[in-house]
Amino acid sequence: MGALRLAHDWSAARGVPAHVTILFPFVDAAAVDEDAVEAVVSAHEAFDFELVSVETFDDGQVYLAPTHAERFVALTNSFRRRWPDHPPYGGAFETVVPHLTISDRPIDCEIELPIAARADAVTLIEEQADGLWLLQRRFPLRR
């Protein structure tokens, strides 16, 4: 999937790993309260999930849909309650759809599904001045 994302998702080339977004945009890097993030994340248990289907948003973005979407939504809602001034996707969408983006535009692709995965942490990444994204910290989900 890495090569597919590199070819079709602009963020992959800038260092954004394959992921299911919990909250974007988030607070400025200098304002991140890591203790608060850790408290929110550690209130949720780690879980197994599978990426089970290739789907397309109305704007043409292609993504993989996970099982246990409600667990991702619960994480997002916890962040939304803690940081109400930072709604998911800037408040652009009424409903959050957990997904792993594979292309920012329409493509035909064949991916062997399902893909088994485990959500065991929330990773904080930060965009640098040069447009590249760097991992800042991983916050483990409760085991």
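Above this note sits the structure.
To start, this report covers the structure provided alongside it.

Conventions used here
Every chain is numbered independently, its residues counted from 1 as its sequence is written. A pLDDT threshold of at least 70 governs which residues receive local features in this predicted model, and a stricter bar of 80 or more applies before side-chain atom pairs are shown or counted, although totals over entire chains, interfaces and linings include all residues. Heavy atoms from the whole structure form the basis of all side-chain values; hydrogens and water molecules are not counted. Starting at the N terminus, helices and strands are each numbered in turn, a helix being any DSSP run of H or I of at least four residues and a strand any DSSP run of E of at least two. Throughout, radius of gyration means the C-alpha value; the globule benchmark is 2.2 Å times the number of residues raised to the power 0.38. Throughout, exposure labels follow a simple rule: accessible area from a 1.4 Å probe, protein chains only, divided by the maximum for the residue type, with under 20% read as buried, over 50% as exposed, and the rest as partly exposed. Given a helix with a known number of residues, its expected span is that number minus one, times 1.5 Å. When we speak of the arc, we mean the arc of directions from the helix axis to the C-beta atoms. The contact definition used throughout considers only heavy atoms, calling two residues in contact when any of these lie within 4.5 Å.

1. Structural notes on the overall build of the protein
And then number 1: Helices and strands together make up the secondary structure of the protein, namely four helices and six strands.
And then number 2: For the protein, the N- to C-terminal ordering of α and β elements is α-α-α-β-β-α-β-β-β-β.
And then number 3: A globule of 143 residues ought to have a C-alpha radius of gyration of about 15 Å, and the protein, at 15 Å, matches this closely.
And then number 4: Considering only C-alpha atoms, the protein reaches an extent of 40 × 35 × 25 Å along its principal axes.
And then number 5: Residues counted as buried form 35% of the 143 residues belonging to the protein.

2. Remarks on helix H4 (residues 69-82)
And then number 1: Given a rise of 1.5 Å per residue, 14 residues ought to cover 20 Å, and the 20 Å separating the end C-alpha atoms of H4 matches this to within 8%.
And then number 2: Buried residues of H4: Phe72, Leu75, Thr76, Ser78 and Phe79, and no others. Axial view of H4: buried residues confined to an arc of 155 degrees, hence all on one face. Looking at H4, the residues exposed on the side facing more than 90 degrees away from the buried face are Glu70 and Arg81.
And then number 3: Taken together, the buried residues of H4 touch helix H3 (34-42), strand E1 (47-56), strand E2 (62-66), strand E4 (115-119) and strand E5 (121-127).

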